[in-house]
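Structure assessment
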Amino acid sequence: MSEAKQFDSATHPDWCPGCGDFGLLAALKKAYAGLNIDPNQMMTVSGIGCSSNLPGFINTYGLHTLHGRSLPIAQGVKLANHRMTVVAVGGDGDGYGIGVGHLVHAMRRNIDITYVVMNNAIYGLTTGQTSPTSGLGMKTKSTPFGNPELPINPLTLALGSGCGFVARAYTGHIPQLVEILQKAVQHQGFALVDTFSPCVTFNTINTHEFYKKNTKDINKAGHDVSDIHAAFHEAMREDYIATGIFYQNERPCYEESERETLAKPLVDHELGLSLDQHNKLTAEFV
Ligand SMILES: Cc1ncc(C[n+]2csc(CCOP(=O)(O)OP(=O)(O)O)c2C)c(N)n1
Ligand code: SF4
Ligand SMILES: [Mg+2]
């Protein structure tokens, strides 16, 4: 096992004191160290948001991209060099709002990447507007009379979209989160880890105290992760908020199904054109 501190970045997070995202950052470093991942073989990709600043705070390769666009880029990285471990991170607005179309297709496509959403049920970076996971009736800057829209349930969305690894954790419960992250990274195929990551500045409902009081680890309670019906049931419970691995089912990932072209990473393929042909072709456009 290597050391978590090898993943420390020279840049310290500028998140508000108490932000739930600190817990995820610490858990990611522990999880990678426990898996002996080499930082040089690791790519962290994000969109835009407070949570999406994370690639700057961890010592791996990193791409801080556009709002809602982490998954197309993460998938491209993995296809170009599928020797790398690729983890996409971001917020609920990023992944379940503007980026939700990419998420659904990435889940059914099943490229071998992990996607961790820091779900604080609010737009943090833009100072507190309603997000796709804000509760019905929640008062925010953009819904001063209460949110009139039903929230998305990311877990049932994932289960219904062919995602082979569906999990949820609270960023204050580090040992459980580390274990889930390690299993997600080891899973061959797309893995979604939704994390409750409280925004202590703009969300006074979904707080650390709320999750400490209301969450329950379903894996400790004997939940069968191979049973998709039981997974839907736990994801829709109203008597407690379930955390843990809801569902895991390995089916061939995209890279395995595309063996013809992906027998070796695209970065190792010979260029199809000679230098002479390349120069003639580009001369036409310059
Ligand atoms: C295309 C585009 N639309 C809108 C924005 C403005 N914007 C930046 S971050 C953000 C939402 C951030 O919320 P979330 O993804 O939940 O991340 P958090 O800050 O809560 O971690 C929005 C709407 C943008 N940067 N780009
Ligand atoms: S505004 Fe909210 S999400 Fe953003 S850093 Fe502060 S606590 Fe975290
Ligand atoms: Mg958010």
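Only a predicted model underlies this, so the values are computations on that prediction, with no experimental measurement involved.

What counts, and at which threshold
Residues numbered from 1 in each chain as written. Chains lettered and ligands numbered in written order. Predicted model: local features only at pLDDT ≥ 70, side-chain atom pairs only at ≥ 80, totals over all residues. Heavy atoms only, no water. Helix = DSSP H or I, 4+ residues; strand = E, 2+ residues; numbered from the N terminus. Rg over C-alpha atoms; globule rule 2.2 N^0.38 Å. Buried < 20%, exposed > 50% of the residue type's maximum accessible area, 1.4 Å probe, protein only. Contact = heavy atoms within 4.5 Å. Areas by Shrake-Rupley, 256 points an atom, 1.4 Å probe, with all protein chains shown as cover. Lys, Arg positive; Asp, Glu negative; His and termini not counted. Charge placed at Lys NZ, Arg CZ, Asp CG, Glu CD. pLDDT = per-residue confidence, 0-100. Near = heavy atom within 4 Å. Nonpolar A, V, L, I, M, F, W, Y, C, P; charged D, E, K, R; others polar. Donors = N, O, S within 2.8 Å, 3.2 Å for Na, K, Ca; no water. Salt bridge = Lys/Arg side-chain N within 4 Å of Asp/Glu carboxyl O. Polar contact = N/O pair within 3.5 Å; in protein donor to acceptor, adjacent residues only side chain to side chain. 1 Å grid on protein atoms, 1.4 Å probe; cavity = no way out; pocket = protein on both sides within 12 Å on 5 of 7 lines; lining within 4 Å. Points joined across faces, edges and corners; volume = space filled by probe spheres on them.

For the rest of this paragraph, the subject is the overall build of the chain. A count of helices and strands for the chain gives eleven helices and eight strands. On C-alpha atoms alone, the chain measures out to a radius of gyration of 20 Å, which is about the 19 Å that the 2.2 N^0.38 rule sets for 286 residues. Projected onto its principal axes, the C-alpha positions of the chain cover 65 × 40 × 40 Å. Looking at the chain as a whole, 50% of its 286 residues are labelled buried. For the chain, restricting intrachain contacts to residue pairs at least 6 apart in sequence, the fraction spanning at least 24 positions comes to 70%. As displayed, the chain has an accessible area near 13700 Å², and 56% of this comes from carbon and sulfur atoms. Taking the average place of the 21 positive charges on the side chains of the chain and the average place of its 27 negative ones, the gap between the two points comes to 4 Å.

Here we come to the confidence of the model for the chain. Across the chain, pLDDT averages 96, with 100% of residues at or above 70. Confidence, read as mean pLDDT per element, is least for helix H10 (residues 259–262) in the chain (77) and greatest for strand S4 (residues 114–119) (99).

All residues adjacent to ligand 2 are Trp15, Cys16, Cys19, Cys50, Asn120, Cys199, Val200, Thr201 and Phe202. Its residues placed into classes, the shell around ligand 2 shows seven nonpolar, two polar and no charged.

Before going further, it helps to examine the coordination of the magnesium ion (ligand 3). Taken together, Asp92 (OD), Asn120 (OD1) and Ile122 (O) make up the full set of protein donors to the magnesium ion (ligand 3), lying 2.1 to 2.2 Å away. The exposure class of Ile122 is buried, given its relative accessible area of 2%.

Glancing now at the pattern of salt bridges. All told, the structure shown has seven salt bridges when counted by the stated rule. The partner of Asp8 in a salt bridge is Lys29, with the nearest N and O atoms 2.8 Å apart. Taken together, the residues span a long stretch of sequence, with Asp8 in the segment before helix H1 (21–34) and Lys29 in helix H1 at a distance of 21 residues. For Asp8, a relative accessible area of 40% corresponds to the partly exposed category. A residue is classified by how much of its surface remains accessible, and Lys29, at 13% relative accessible area, is buried.

Looking now at the side chain of Thr143. Its location among the elements puts Thr143 in the loop between S4 and helix H5 (154–159). Separated by 3.0 Å, the side chain of Thr143 and the backbone oxygen of Met138 make a polar contact. Those residues in contact with Thr143, other than ones at most four positions away along the chain, are Thr130, Met138 and Pro148.

The residue Asn110 is not glycine, and still its phi comes out positive at about 65°. Even without being glycine, Ala121 reaches a positive phi, approximately 55°. Its place among the elements puts Ala121 in the loop between S4 and H5. Relative accessible area serves as the criterion here: at 4%, Ala121 is assigned to the buried category.

Turning next to the layout of surface pockets. Reported here for the largest pocket is a volume of approximately 640 Å³. Residue lining of the largest pocket: 23 residues in total, with Pro151, Arg168, Phe196, Arg237 and Ile241 positioned closest to the centre. Among the elements of the structure, strand S6 (191–196) and helix H7 (208–214) are those that each provide at least two residues to the lining of the largest pocket.

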